[in-house]
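Residue-level structural notes
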Amino acid sequence: MTSTAEPAQSHHRVTYRKVLAEPRFRLLFWTRAVSITADALRITTFSVLVFAATGSPLLSAVAFGIGFVPQLFGSLLLGSLADRLPPRALITGGYAVTSATALMLALVRMPIGASLGVVALVSLATPVFHGASSRLVAQSLEGDAYVLGRSLNNIAGSGAQLFGLALGGAVVAALGPRRALAVSAALYLGCALAIRIRLPSLQPGESGGAPGGAPGGAPGGARGEGGAVRASLRGAGLLLRGRTVRRLMLAQWLPPAFVAGAEGLLVAYAGERHFAPGWYAVLMGCLPVGMLLGDLLVGRLLRPPARERLVVPLTALAGLPLTGFAAEPGVGVSSCLLLLSGFGYAYGLGLQRPFLDALPQEGQGQAFGLLGSGGMTLQGVGPVCVGSVAAGTGTGGAIAVAGGAVALTAGWILTWYAPTPPVPVPSRSTGSENGTGQRASGSPAR
C-alpha cells in the first residue's frame, strides 16, 4: 500500500544540493563519476593499444565496443544477482574485477584475441553491480529527489566521459598506452576501496529503513527460488512481458540508439565535407555538451509534472535537428544541430518516476541492470545499422534518417504515454518517514 505522503513527494521539486546531502547517494555519485572517467580512459587506450599492435581499424573498433554487447547477455543470465546478494560486496567486487582487468591488459602481453575475450568476459558482470548501485540509489532517494539523482548521474556521466577522453589522449601521449591502462586500474581500485570503506553493509533489499514488499513480488528477486541463471531468465521474462515496463524501456533505449548511429558517422561526415583536421572531435563533443545542459536546465528549473509533460517534445527535439544533416551543413550549423539534439536527451528525466513506479520492489536491481545493458547493446548496434544506410544515401542522408527515426519514436510514445496529473498535497499526519529522511516501517521503497 502506498503511503499518503508519496503523491506530494512526486510533484515537489527539490534541489541538487539536497540530493547530494544524502550520504549514500553522494558516495555512489562520486565513485560513479570516477569510474566513468576510468572507463573512457580504459576503452580508448585499449583501442589504441590494439591498433598499434595490429594496424587494423576493424580490430581497433572491435576493441572499442567489445565491452558493450556482452552486457545484455550478462543481464539476462546473471541479472537477478543484483537483488540476491549484498550491494556493498557486489559494487566493490565489480570495481575490483574491472581494476584487475585493466591492470592485466597493462602488464600481460596477451594475444589480441585473448585480450578481447577477457574484456568481453568481465563485461558480462557489469549489469550486476550497476544494477545493485542503481537499486541502492532508488532506495536512498524518494520522489523528485530520485529523478534529480538520475539527472546528476547523467550530468556527471557526460562530464566524466569528456574528461576521460581528454585525459586518455594526454596520458597516452605522456606515458604510453600500457601505463595509461595502469592509471585506469588505479582509478577503479580507488572506487572499490571507497565503496568498501564508506558504504554500510546492507542485505539484499535493505535500504537503511524497513521497506515493505511491493505488489507482484520479485521477478527472480532476492528470495527467488532456483539458481541465478534460471532466476535471471525468469525475472527478465516477467519484466519484458509487462507492457508498461517494456514500453518504458523501449522509450529509453531507442532514441539513444538512433542518435548513437548518427554519432558514429560524424568522423566520416567531417572527412567528406573536408572540415579542418580535428573538427570531427568538436562535432562529437557537441552531443554530450548538449546532454549536460539539457539535464541541468530541465532537471533544475522544471517541476516534476512539467518534465513528464515534455517527454514527447524533448524526444522529438533529440531527433528533428539531425534531419537537417540532409542539407549537408557546415561546421557551425552542424555543431548547433548536434547541441540541440543532445539537449533533447533530457526527455529521459520525465520517464524516471513512471519507470520506477512500474517496477516490482524486489526486482529493481535486475530491471535497472537490464535497462542499462539493453541500452548499451542497442547503442552498439545503432552505428552498424545507420552506417549501412550511409552506403546508399551518404553520411548526411544517413544521419538525417537516424533523426527521423527518433522523431517517429516520439510519435510512438505519444500514442500511449500519459503524464500523471498533479495530485493535491495531503496532510503529513500519517507520515511516511521516520524523521531521519528514511522510510518508516511498512512504507514501500520508491
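The sections below set out a description of the structure shown in this document. None of these values were measured; they are calculated from a predicted model. (Residues numbered from 1 in each chain as written. Predicted model: local features only at pLDDT ≥ 70, side-chain atom pairs only at ≥ 80, totals over all residues. Heavy atoms only, no water.)

**Some remarks on the packing of helix H3 (residues 23–54) against helix H9 (residues 126–140)**
The interhelical angle for the contact between H3 and H9, taken along N-to-C directions, is 150 degrees, at an axis separation of 9 Å. In terms of their interaxial angle, H3 and H9 are classed as roughly antiparallel. Of the two possible hands of crossing, H3 and H9 adopt the one that is left-handed. Touching Arg24, Phe25 and Leu28 of H3 are Ser133, Leu136, Val137 and Ser140, all from H9. Counted by class, the contact of H3 with H9 contains four nonpolar, two polar and one charged residues. (Axes fitted to C-alpha atoms, helices over the stretch in contact; angles between N-to-C directions. Helix = DSSP H or I, 4+ residues; strand = E, 2+ residues; numbered from the N terminus. Parallel < 35°, antiparallel > 145°, perpendicular 65-115°, else oblique. Left-handed = near helix turned anticlockwise from the far one by under 90°. Contact = heavy atoms within 4.5 Å. Nonpolar A, V, L, I, M, F, W, Y, C, P; charged D, E, K, R; others polar.)

**Digging into the packing of aromatic side chains**
Taken as a whole, this structure holds eight aromatic pairs when the rule is applied. Members of the aromatic cluster, joined through ring pairs, are Phe25, Phe29 and Trp30. (Phe/Tyr/Trp six-rings, centres within 6.5 Å; stacked < 30°, edge-to-face > 60°.)

**Observations regarding the side chain of Ser115**
Summarising the element assignment, Ser115 is placed in helix H8 (residues 112–123). Judged by its relative accessible area of 7%, Ser115 is buried. The residues contacting Ser115, other than those within four sequence positions of it, are Phe46, Leu105 and Met110. (Buried < 20%, exposed > 50% of the residue type's maximum accessible area, 1.4 Å probe, protein only.)

**As for a nonpolar patch on the surface**
Together, Leu162, Val289, Leu293, Leu296, Leu297, Leu301 and Leu339 make up a nonpolar patch on the protein surface, roughly 530 Å² of accessible area in all. When residues in the nonpolar patch are grouped by element, the largest group, five residues, is from helix H15 (residues 279–301). By secondary structure assignment, the location of Leu301 is in helix H15. (Patch = residues over 30% accessible without salt bridge, like charges linked within 9 Å, V, L, I, M, F, W, Y side chains within 5 Å. Areas by Shrake-Rupley, 256 points an atom, 1.4 Å probe, with all protein chains shown as cover. Salt bridge = Lys/Arg side-chain N within 4 Å of Asp/Glu carboxyl O.)

**With respect to the packing of H3 against helix H11 (residues 177–198)**
Following both chains from N to C, one finds H3 and H11 inclined at 160 degrees, their axes separated by 9 Å at the closest point. Relative to H11, the element H3 is oriented roughly antiparallel. As for how H3 packs across H11, the hand of that crossing is left-handed. Contacts from Leu27, Leu28, Thr31, Val34, Ser35, Ala38, Asp39, Leu41, Arg42, Thr45, Phe46 and Leu49 in H3 reach Pro177, Arg178, Ala180, Leu181, Val183, Ser184, Leu187, Tyr188, Cys191, Ala194, Ile195 and Arg198 in H11. Considering only residue class, the contact of H3 with H11 consists of 16 nonpolar, four polar and four charged.

**Things to note about the nonpolar core**
Counting 56 residues, the largest nonpolar core has Val19, Tyr146 and Phe355 as its most contacted members. Leaving out residues up to four positions away in the same chain, Tyr146 has contacts with Val137, Ala138, Leu141, Gln352, Leu356 and Phe368. Core analysis: the second largest hydrophobic core is formed by 24 residues, Val259, Phe325, Ala398 and Ala402 among them. (Core = buried A, V, L, I, M, F, W, Y, C linked by side-chain atoms within 4.5 Å.)

**Remarks on the environment of Ala82**
Considering the arrangement of structural elements, one finds Ala82 in helix H6 (residues 81–84). Using a relative accessible area of 6% as the deciding quantity, one classes Ala82 as buried. Sequence separation between Ala82 and Gln366 is 284 residues, and the spatial gap between their C-alpha atoms is 5.8 Å. Contact partners of Ala82, with chain neighbours within four places excluded, come to Leu90, Val128, Gly131, Ala132, Arg135, Gly365 and Gln366.

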